[in-house]
Amino acid sequence: MPYKNRRSSYSTFILIFVALKIILNLLAISNFGFHRDELLHLVLGDHLDWGYKEVPPLIALLAKITLKVFGDSVFAARIFSTVASGFIVWLTGQITTELGGRRYAITIACLSLIFAPAFAASGYLFQPVVFDQLWWVLTVWLFARYLNTADVKYLYWIGAAVGIGMLTKYTMAFFTASLIVGILISRERKLLFNKHVIYSALIAVLLFLPNIIWQFAHHLPVIHHMRELRETQLDYVKPIDFVMQQLLVNGVALFVWFTGFCFLLFAFKLRRFRYLAIAYILIFLFLLEMNGKSYYLFGAYPMLFAAGGFALERMLNRTYYVLRTLAVLLFIVPNLLLLPLVLPILPLGRTVNFIKSTQQHLPFLAFLTKWEDQKQHPLTQDYADMLGWDEMAKKAADTYHSLTPEQQKHTQIFADNYGQAGALHHYRHKYNLPEVISLNSSFQLWAADSLSAHYIIYVDDDDNVERRLSPLVESYRETGKVLNPLAREHNSRIYLIINPSLKLNEVYKAELAKKRLQ
């Protein structure tokens, strides 16, 4: 049916699913505590710049707005993420409409997305992941609108979306390239052969240019970060694991997106949108070759859910009311039952018991509780990363306040990893602590030039104090440790170091100089 004769807007209907997504996020938003990565991203808001060691700058701007407007609570930190999740659902419904889908197609597509474990887990934390997904989905929708209308204004919006997406996460570049190649391979390539495409690309480059300049001014830290990530995490990702996780991360919604993928490739009615399937294949193969983490590909699934909704609407005639209802239940209810595995809608104790029961009865989901250390744990890594931070900050504060006011004037606090440093920074006002020093992650960008105080409160997640630092200090003693057995920081220790030698400061300065050149 010609585009101009097709009902083009179901926006009010789609808002029902947007509201459902937001309600689910609100049920979980304040359970547990800050995630390790959230603490880092909130710190970036206090150090605005055009780039950081591990992420582009947009997350820092959002953090700044969050802290100034909404406050420093867990609820406040996740407001923007919840809004972005709602927009992703809305855009998924709109893409479904662009493909020719009606209410049933929208229902299947949006509910599949909402209850898919991948999107339930990644859609509420304050991380670049959910915003990266948003720009991917927005770009797909804009491409679809341009294809259906030939209105060049959508090309300019695409340029803006890609540019801002690149300021969110660098994976945006790979997805955009996949889309462009997909279109060039398809029969719709002629739509890209005009001057407006060049102007759109210039908009994207201009928006991203400040981060490019920052990268060169700081010796391209993104390259070192990717190398370090590959050596410490990505090398553990086997190709077969990546493939299997793509088949499992969306639960039973696999049947929706895979149906959509096949329709995009082979169905006559979606032949004009075949480039979406080609783009998925290209980005999948790229991430497979690069040992990418499973969540790097999440942003590509909403367009496949949209196509799957269209396909099921076509296959199940309107008169098949029972089959249509059964299809919705089949593709939604199993994921709904597993929701506590990925979205903290239950209290901690009940969550632990739920995961234990799931491990016993559904062993094929064991990958959800396998951490980066490749071992099985009682909680998912994301849940464990939300525990223990307040306890750690309080025990560091107890150590600090055990010193006399004069001793406190000559005290510095050092943390081994960015999670610890982020927690100590975030809770510094609550516990009246000085600013923390760390050489991990982006903390090295604003770290103190020297570590030369008479007293150092050292938060250690390894055995650095006993193994490396003990010969370089007059004395040290352990003053506390994280006792929560479910926390990923379990057994991280707090030490009070007294009278470090000049040699320790020399070691610190050398490491700082080396890291700033990376």
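Everything that follows concerns the structure shown earlier in this document.
Quantities reported herein were computed from a predicted structural model and do not represent experimental measurements.

Details of the overall build of the chain
Part 1 of the reasoning: Secondary structure assignment for the chain yields 25 helices and five strands.
Part 2 of the reasoning: If you line up the chain on its principal axes, its C-alpha atoms span 80 × 55 × 40 Å.
Part 3 of the reasoning: Counting every position in the chain, which comprises 518 residues, the buried fraction comes to 55%.
Part 4 of the reasoning: The contacts of the chain with a sequence gap of at least 6 include a subset with a gap of at least 24, amounting to 77%.
Part 5 of the reasoning: Element-wise, carbon and sulfur atoms account for 64% of the exposed surface of the chain, whose accessible area totals about 22400 Å².
Part 6 of the reasoning: Computed over 49 positive and 37 negative side-chain charges, the inter-centroid distance for the chain is 14 Å.

Re the packing of helix H14 (residues 254–266) against helix H16 (residues 301–315)
Part 1 of the reasoning: Closest axis-to-axis distance for the H14/H16 pair is 6 Å, and the angle between their directions is 80 degrees. The angle between H14 and H16 places the two elements in the roughly perpendicular class. The residues of H16 that touch H14, namely those facing Val256, Trp257, Thr259, Gly260, Phe261, Phe263 and Leu264, are Tyr301, Leu304, Phe305, Ala307, Gly308, Gly309, Phe310, Ala311, Leu312 and Met315.
Part 2 of the reasoning: Across the contact of H14 with H16, the residue classes tally to 13 nonpolar, four polar and no charged.

Things to note about the sheet that holds strand E5 (residues 493–500)
Adjacent strands of a sheet pair through backbone hydrogen bonds, lying either parallel or antiparallel.
Part 1 of the reasoning: Sheet architecture is open: five strands sit in the order E2-E1-E3-E5-E4, paired in mixed fashion. For this open sheet the edge positions go to strand E2 (436–437) and strand E4 (473–481), each flanked by a neighbour on one side alone.
Part 2 of the reasoning: Examined bridge by bridge, strand E1 (residues 411–415) and strand E3 (residues 455–460) share five bridges and lie parallel to one another. By the bridge assignment for E3, alanine 415 is matched with valine 459.
Part 3 of the reasoning: On top of the sheet, helix H22 (residues 418–426) reaches E1, E2 and E3; it is set at about 135 degrees to E1, its chief contact.

Points about unusual backbone geometry
Part 1 of the reasoning: Not every positive phi belongs to a glycine, and phenylalanine 32 is a case in point at roughly 60 degrees.
Part 2 of the reasoning: Positionally, phenylalanine 32 belongs in the loop between helix H1 (11–28) and helix H2 (36–44).
Part 3 of the reasoning: One non-glycine residue with positive phi stands out, namely leucine 220, at about 50 degrees.
Part 4 of the reasoning: Leucine 220 sits in the partly exposed class, given a relative accessible area of 26%.

Some details on the pattern of salt bridges
Part 1 of the reasoning: Taken as a whole and judged by the stated rule, the model has 19 salt bridges.
Part 2 of the reasoning: Aspartate 385 is the salt-bridge partner of arginine 36, the closest N and O atoms lying 2.9 Å from each other. Separated by 349 residues along the polypeptide, arginine 36 in helix H2 and aspartate 385 in the loop between helix H19 (381–384) and helix H20 (389–401) bring together distant segments of the chain. The same class applies to arginine 36 as to aspartate 385, namely buried.
Part 3 of the reasoning: Between glutamate 38 and arginine 78 there is a salt bridge; the shortest N-O distance is 2.8 Å. With a gap of 40 residues between them, glutamate 38 in helix H2 and arginine 78 in the loop between helix H4 (74–77) and helix H5 (79–99) connect regions that are remote in the sequence. Of the two residues, glutamate 38 and arginine 78, both sit in the buried class.
Part 4 of the reasoning: When salt bridges that share partners are traced, they join Arg36, Lys293, Glu372, Asp385, Arg488 and Glu489 into one network.

Details of the packing of aromatic side chains
Part 1 of the reasoning: Under the counting rule described, the total for this entry stands at 26 aromatic pairs.
Part 2 of the reasoning: Seen from their ring centres, phenylalanine 119 and phenylalanine 305 are 6.2 Å apart, and the 65 degrees between their planes marks the pair as edge-to-face. You can see phenylalanine 119 sitting in helix H7 (residues 117–122) and its partner phenylalanine 305 sitting in helix H16, a full 186 residues away along the chain.
Part 3 of the reasoning: On the accessibility criterion, phenylalanine 305 (0% relative accessible area) is buried.
Part 4 of the reasoning: Measuring from ring centre to ring centre gives 4.5 Å for phenylalanine 174 and phenylalanine 286, while their planes differ by 35 degrees; the resulting arrangement is tilted.

Describing the nonpolar core
Part 1 of the reasoning: Phe273, Tyr275, Tyr280, Leu297, Phe305 and Leu424 are the most contacted members of the largest nonpolar core, which has 147 residues in total.
Part 2 of the reasoning: Broken down by element, the residue count for this core peaks at 14 residues, all from helix H8 (residues 128–149).
Part 3 of the reasoning: When neighbours within four sequence positions are excluded, phenylalanine 305 is seen to be in contact with Ala109, Ser112, Leu113, Ala116, Phe119, Asn250, Ala253, Val256 and Trp257.
Part 4 of the reasoning: One finds Leu439, Ala447, Tyr495 and Leu512 within the second-largest nonpolar core, a separate group that totals 16 residues.

Considerations on a nonpolar patch on the surface
Part 1 of the reasoning: Judged by side-chain polarity, Tyr320, Val322, Leu323, Leu326, Leu329, Val333 and Leu337 come together as a nonpolar surface patch covering roughly 660 Å² of accessible area.
Part 2 of the reasoning: With respect to the secondary-structure elements, valine 333 resides in helix H17 (residues 321–337).

Regarding the pairing of E5
Part 1 of the reasoning: Judged by how many residues are buried, E5 sits mostly within the fold: six of eight residues are covered.
Part 2 of the reasoning: Here E3 pairs with E5 via six bridges, running antiparallel. Across the sheet, residue valine 459 finds its bridge partner in E5, namely isoleucine 494.
Part 3 of the reasoning: As defined by bridge partners, E4 adjoins E5 across seven bridges and the pair is classed as antiparallel. When the sheet's bridge partners are listed, tyrosine 476 is paired in E5 with isoleucine 497.

Quick notes on the packing of H14 against helix H15 (residues 274–289)
Between two packed helices, both the angle of their axes relative to each other and the distance between the axes serve to describe the pair.
Part 1 of the reasoning: Running from amino to carboxyl end, H14 crosses H15 at an angle of 120 degrees, the nearest separation of the two axes being 7 Å. By the angle between their axes, H14 is oblique relative to H15. Of the two elements, H14 crosses H15, and the hand of that crossing is left-handed. Each of Trp257, Phe261, Leu264, Leu265 and Phe266 in H14 lies in contact with H15, whose residues at this interface are Arg274, Leu276, Ala277, Tyr280 and Ile281.
Part 2 of the reasoning: By residue class, the composition of the contact of H14 with H15 is nine nonpolar, no polar and one charged.

Some words on the environment of aspartate 461
Part 1 of the reasoning: Mapped onto the fold, aspartate 461 is located in the loop between E3 and helix H24 (464–469).
Part 2 of the reasoning: Aspartate 461 sits in the partly exposed class, given a relative accessible area of 39%.
Part 3 of the reasoning: Sequence separation between aspartate 461 and glutamine 420 is 41 residues; the distance between their C-alpha atoms is 8.8 Å.
Part 4 of the reasoning: Aspartate 461 has contacts with Asp416, Asn417, Gln420, Glu489 and Ser492, leaving out every residue within four places of it along the chain.
Part 5 of the reasoning: A distance of 2.8 Å separates the side chain of aspartate 461 from the side chain of asparagine 417, its partner in a polar contact.

About the thresholds
- Residues numbered from 1 in each chain as written.
- Predicted model: local features only at pLDDT ≥ 70, side-chain atom pairs only at ≥ 80, totals over all residues.
- Heavy atoms only, no water.
- Helix = DSSP H or I, 4+ residues; strand = E, 2+ residues; numbered from the N terminus.
- Buried < 20%, exposed > 50% of the residue type's maximum accessible area, 1.4 Å probe, protein only.
- Contact = heavy atoms within 4.5 Å.
- Areas by Shrake-Rupley, 256 points an atom, 1.4 Å probe, with all protein chains shown as cover.
- Lys, Arg positive; Asp, Glu negative; His and termini not counted.
- Charge placed at Lys NZ, Arg CZ, Asp CG, Glu CD.
- Axes fitted to C-alpha atoms, helices over the stretch in contact; angles between N-to-C directions.
- Parallel < 35°, antiparallel > 145°, perpendicular 65-115°, else oblique.
- Nonpolar A, V, L, I, M, F, W, Y, C, P; charged D, E, K, R; others polar.
- Pairing = 2+ DSSP bridges.
- Salt bridge = Lys/Arg side-chain N within 4 Å of Asp/Glu carboxyl O.
- Phe/Tyr/Trp six-rings, centres within 6.5 Å; stacked < 30°, edge-to-face > 60°.
- Core = buried A, V, L, I, M, F, W, Y, C linked by side-chain atoms within 4.5 Å.
- Patch = residues over 30% accessible without salt bridge, like charges linked within 9 Å, V, L, I, M, F, W, Y side chains within 5 Å.
- Left-handed = near helix turned anticlockwise from the far one by under 90°.
- Polar contact = N/O pair within 3.5 Å; in protein donor to acceptor, adjacent residues only side chain to side chain.

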